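One-letter residues, chain by chain:
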Amino acid sequence: MNSQASTRPIVKALLFCALGLVVPTASWAAEAAAAGAKTSGMGGSAEGTFVAEIVLLLLVGRGLGELLQRYGQPAIMGQLIGGILLGPSLFGWLWPSAQHLIFPSDPAQKGMIDAVSQLGILMLLLLTGMETDLRLVRRVGAACFSISVTGVVVPFICGFALAQFLPDSLLPDPTQRIVAGLFLGTALSISSVKIVAMVVREMNFMRRNLGQVIISSAIIEDTIGWLIIAVTFGIATNGSLQLVPLVTTVAEVAVFMVFSFTIGRRLVFTLIRWTNDAFRSEYAVITVILIIMGVMALITNLIGVHTVLGAFVAGILVGESPILSSHIEGQLRGVITALFMPIFFGMAGLSADLTVLADPTLAMLTVALVVIASVGKFSGAFIGGKFAGMSFKEATAVGSAMNARGSTEVIVASIGLSMNILSHNLFTMIVTMAVITTLAMPPMLRWALGRLPLGQDEKQRVDREALDEHGFVSKLERLLVVVDDSRIGKFTAYLAGLVGGSSGMLTTLLHLKDGRIDRPTDTKGPEGALREIKKGAEKSAQAVKRTEDTLVDKVHLTARTESQATGETIAEEALKGYGMLLVGLDNVLTEKGSFTPALNDITGGFEGPLCLILNGGETADKMPTFKAGTSILVPVNGTEVARRAADFALALARPNRARVKVLYVSQGATRGRKPTSVSHRREEAVLKDIADLAARYGVPVDTAIRTRATPDKAIIREVASGAAMVVMGVTQRPGEELFFGDTASAVLAACNCPIVLLASERIKRTIITGAEPVAA
């Protein structure tokens, strides 16, 4: 009863603040003060206070963040401002007793929320590292390095110099001006990738050349900033600037970075992949990611630098892991964004006391800090842009973008405050400067980017990349390939390499050693299939480099031999997370043209997109040899399923410089009526869309419309004119057996070439829907 009585005023105050009522009654204030005196160390009251702090920070931070985002400002600033309002700046000024009740100064009580906040720093740096795209930095080139160097050096010098002239009252230890200058210089020079990316993405500049330069520059500045903080932490730990410890710290950081991006990278990849494939418990990969973050943070702590560097580098390595699927990344991002981010920024805001700015001297110093930070950062990035050969408008946009500090600066200042390098007043000044410059950046950058026209070459590249967002192959993350020793199995392995090689896709090969029993084989064991996957992947990677000037990682390949595959074994393997199942087995059709029970069983264990590579007609031993000019036929009918098949065919054609023939088969002809569209406007629009997709791949494409024949006859007639392979988008029909409609069955029976059936939208065989099969 005593515990409940002591917690009740906390709940009242929490509800009172949430409703925005900030004028307390005298009796309520007295009750809150009395309860505050009783809560210290009593039973469940400490936990109640802790929960009240969490709820209030989440409620106010999320609410203000949502409000600011609706007005084009970053939500992070709402969380920071929310903390400021809950601190002595407003809540503590209007109602000190209630503010001290919810956020007491008792060390044990304060330590609970501080522990969550400190963990939040590591989680934020993990997320920042995961969002750091080093491939983008490598692709953009030297321009971002010029901007980053001057964009860090100029404001850093300004901040370091300013610290040497600050009044002694703003420094906890005036003898530590050098260390304070390092912190202040870093705080002024660092940029927030998250906030910069938000505005660049909103302005549709993420694919523009300048947008990529801006993001890359912010990434480099962020990385440089955390390296400086790591070294500064080592200096502050030693208590003074000593040459030998400084050189030792820099050398240890260099060794850590080299190890992380060589051996450490492979270890992280292997560990995440092994966890994903071996564990069956929920969220095992996320647990391992958090362990990796903790271990690397401990390593940097042991070498005498701050744990944020280890968390940041861990995030980079995790973000580059080929096994990290989008849903795993989304789950981790969700808990960080929803919980740790509002708590950390809220606690940072609580540490700031804007009432001190009522002192004219501190107010003037804060104004000077804002001016120096803005001018130093803008001019540094602007100069770097001019050195890189940018126009005045482009350099202005770069300078405007780099002036957003936001989250990163607050983290730097929080570290300085926790180490007693920065005073609370100086911390408040830095937070104020971060809020002002960050809120001013979005409108400045929108204005600057709006003045930059889109060039013709850049427009073509942007349009090509925009097509990838709607692509099928570009979104695949992992392939499961089931083949036997037959030639169709070997051919399937080659096609899998062509698909996976364009992005270094993770591929698992299940080789069935007894899959072919009635014909001689030209390869035994998985070695032949592995060679074909590698050969296809190498060709595909070369094609990407040739057409896009982009280096692709090697395919991450796993292979094992199975005596047989069943629906149960495939379903168990599918739990590891695959984007598509490719099956290439001999003798999978019965004499009546239906699929064998074995194939039905295998495919029934996989619920995702299915790709069957089948022998057409009587030419089971005659596989095509792709070369320039080889024709791949793709029948379409305007559905998304057919478009995905065209995307798949283009991915196969590009590495071999083959041609793709897109055949539009009108649905109207199947009902014995004249086509409803006399001008063929719909058909032409569909074909133009695929032609644009072909231009993205750099593949020559021919188009045709057939309206006076049934789909199967139109396809068979076109194959007879010289197609080496047919790629058909199909929809699985409801039922217990695998069936894709009469058109697919007729083509399989009549065409003497390999047939690829791509079922990109699967249904459970026991569920009957109204979905129509693709005409092709």
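About the criteria used
- Residues numbered from 1 in each chain as written.
- Predicted model: local features only at pLDDT ≥ 70, side-chain atom pairs only at ≥ 80, totals over all residues.
- Heavy atoms only, no water.
- Axes fitted to C-alpha atoms, helices over the stretch in contact; angles between N-to-C directions.
- Helix = DSSP H or I, 4+ residues; strand = E, 2+ residues; numbered from the N terminus.
- Parallel < 35°, antiparallel > 145°, perpendicular 65-115°, else oblique.
- Left-handed = near helix turned anticlockwise from the far one by under 90°.
- Contact = heavy atoms within 4.5 Å.
- Pairing = 2+ DSSP bridges.
- Buried < 20%, exposed > 50% of the residue type's maximum accessible area, 1.4 Å probe, protein only.
- Disulfide = S-S within 2.5 Å.

Draft legend 1. Focus on the packing of helix α18 (residues 392-402) against helix α20 (residues 424-449). Relative to each other, α18 and α20 sit at 165°, their axes nearing to 8 Å. Taken together, the axis directions place α18 and α20 in an arrangement best described as roughly antiparallel. Considering the relative orientation of α18 and α20, their crossing is left-handed. Here α18 contributes T396, A397, S400 and A401 to the contact with α20, which in turn contributes M441, M444, L445, W447, A448 and L449.

Draft legend 2. Focus on the sheet that holds strand β10 (residues 755-759). What the 10 strands build is an open sheet, ordered β3-β2-β1-β4-β5-β10-β9-β6-β7-β8; its pairing is mixed. Strands at the two margins of the open sheet, each flanked by one partner only, are β3 (557-562) and β8 (701-706). The sheet shows a mean angle of 15° between the axes of neighbouring strands, direction not considered. Note that strand β1 (residues 478-483) and strand β2 (residues 506-512) share 6 bridges and pair parallel.

Draft legend 3. The arrangement of the environment of K110 in detail. Along the chain, K110 falls in helix α7 (residues 107-130). For K110, a relative accessible area of 37% puts it in the partly exposed group. Between the alpha carbons of K110 and T49 there is a distance of 9.8 Å; along the sequence they are 61 residues apart.

Draft legend 4. Geometry of the state of the cysteines. All chains considered together, the criterion is met by 0 disulfides. Distance from the sulfur of C753, which forms no disulfide, to the nearest cysteine sulfur (C751) is 5.3 Å. Look at C753 and you get buried, because its relative accessible area is 5%.

Draft legend 5. Quick look at the environment of I157. Mapped onto the fold, I157 is located in helix α9 (residues 143-163). On a C-alpha basis, the gap between I157 and T186 in space is 9.3 Å, while along the polypeptide they are 29 residues apart.

Draft legend 6. Geometry of the packing of helix α26 (residues 640-656) against helix α27 (residues 681-697). Between α26 and α27, the shortest axis-to-axis distance is 10 Å and the interhelical angle comes to 30°. Taken as axis vectors, α26 and α27 run roughly parallel relative to one another. Of the two elements, α26 crosses α27, and the hand of that crossing is right-handed. Contacts between α26 and α27 pair R643, A646, D647, L650, A651 and R654 from the former with D689, I690, L693, A694, R696 and Y697 from the latter.

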